[in-house]
Amino acid sequence: QVQIVESGGGLVQPGGSLRLSCTASASATSDSFLAMAWYRQAPGKQRELVASILNTGSTGYSDSVKGRFTISRDNAKNTLYLQMNSLKPEDTAVYYCYAYTTTGNLWGQGTQVAVSS
């Protein structure tokens, strides 16, 4: 079964940066991933869509992160990235990788991002 696994979370001060990665298992092929996205869920809050990228390369961002976060993918490495700059305390959340594929939906296990001084 294809799996996606996140990494790169951690504790960072306001204004700092982190890069999250989401890597698919070796059995996956890049063209089977029709769309990928990053979601996040803060304590006591609903899970929200942060950024998305289609197999066409088209991207989208929530208003709260636009201009600060960048979603990208490296098909050769079967990896999705979320570059997060100018982090704010309100970015604190568990971040989840999501993939919509030709054979089903996939969720990563989540990685904690904490922004605090």
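For the structure, see preceding data.
The rules behind the values
Residues numbered from 1 in each chain as written. Predicted model: local features only at pLDDT ≥ 70, side-chain atom pairs only at ≥ 80, totals over all residues. Heavy atoms only, no water. Pairing = 2+ DSSP bridges. Helix = DSSP H or I, 4+ residues; strand = E, 2+ residues; numbered from the N terminus. Axes fitted to C-alpha atoms, helices over the stretch in contact; angles between N-to-C directions. Salt bridge = Lys/Arg side-chain N within 4 Å of Asp/Glu carboxyl O. Buried < 20%, exposed > 50% of the residue type's maximum accessible area, 1.4 Å probe, protein only. 1 Å grid on protein atoms, 1.4 Å probe; cavity = no way out; pocket = protein on both sides within 12 Å on 5 of 7 lines; lining within 4 Å. Points joined across faces, edges and corners; volume = space filled by probe spheres on them. Nonpolar A, V, L, I, M, F, W, Y, C, P; charged D, E, K, R; others polar. Phe/Tyr/Trp six-rings, centres within 6.5 Å; stacked < 30°, edge-to-face > 60°. Lys NZ or Arg CZ within 6 Å of the ring centre and 35° of its normal. Core = buried A, V, L, I, M, F, W, Y, C linked by side-chain atoms within 4.5 Å. Contact = heavy atoms within 4.5 Å.

**Here's the deal with the sheet that holds strand β1 (residues 4-7)**
And then number 1: Strand order in the open sheet formed by 4 strands is β1-β3-β8-β7, and the pairing between neighbours is antiparallel. Single-partner strands in this sheet number two, and they are β1 and β7 (69-74). On average, each strand axis in the sheet is tilted by 15° relative to the strand beside it, whichever way the strands run.
And then number 2: With 6 bridges joining them, β7 and strand β8 (residues 79-84) adopt antiparallel strand pairing. Bridge pairing links Arg-73 to Leu-80 in β8.

**Considering the pattern of salt bridges**
And then number 1: Following the criterion strictly, the structure yields 4 salt bridges and no others.
And then number 2: Among the ionic pairs, Glu-48 bridges to Arg-40, the shortest N-O distance being 2.7 Å.
And then number 3: Its relative accessible area of 32% is what places Glu-48 among the partly exposed residues.
And then number 4: Here Arg-40 falls in the buried class, since its relative accessible area comes to 5%.

**Focus on empty space enclosed by the protein**
And then number 1: If you walk through the whole model with that rule in mind, you get 1 cavity of 30 Å³ or more.
And then number 2: The space that makes up the largest cavity amounts to roughly 80 Å³.
And then number 3: Every residue lining the largest cavity is counted, 12 residues in all, and those nearest its centre are Phe-33, Met-36, Arg-73, Asn-78 and Thr-79.
And then number 4: For the lining of the largest cavity, the secondary-structure elements that each account for two or more residues are β3 (18-24), β4 (33-41), β7 and β8.
And then number 5: When its residues are assigned to classes, the lining of the largest cavity shows 6 nonpolar, 4 polar and 2 charged.

**Overview of the packing of aromatic side chains**
And then number 1: Under the criterion given, the structure shown has 3 aromatic pairs.
And then number 2: With 5.1 Å between their ring centres and 55° between their planes, Tyr-39 and Trp-107 make a pair best called tilted. On the criterion of sequence distance, the pair formed by Tyr-39 in strand β4 and Trp-107 in strand β10 (residues 105-107) is long-range, its members being 68 residues apart.
And then number 3: Through a chain of ring-to-ring contacts, the aromatic side chains of Tyr-39, Tyr-98 and Trp-107 assemble into a single cluster.
And then number 4: We note Arg-47 situated over the ring of Tyr-96; from NZ or CZ to the ring centre the distance is 3.9 Å.

**What about the nonpolar core?**
And then number 1: Judged by nonpolar contacts, the single largest core of 28 residues is most densely connected at Trp-38, Leu-82, Met-84 and Tyr-95.
And then number 2: Counting only elements with at least two residues in this core, the list comes to β3, β4, β5 (48-54), β7, β8, β9 (93-101) and β11 (111-115).
And then number 3: Apart from residues no more than four positions distant in its own chain, Leu-82 is found in contact with Leu-18, Arg-19, Leu-20, Trp-38, Val-50, Ala-51, Phe-69, Thr-70, Ile-71 and Tyr-95.

**Topic: the pairing of β4**
And then number 1: Sheet topology places β4 next to β9; 8 bridges connect them, and they run antiparallel. Bridging from a neighbouring strand, Ala-35 pairs with Tyr-100 of β9.
And then number 2: Where β4 meets β5, 6 bridges bridge the pair, whose relative direction is antiparallel. Within β5, the position partnered with Trp-38 by the bridge is Ala-51.

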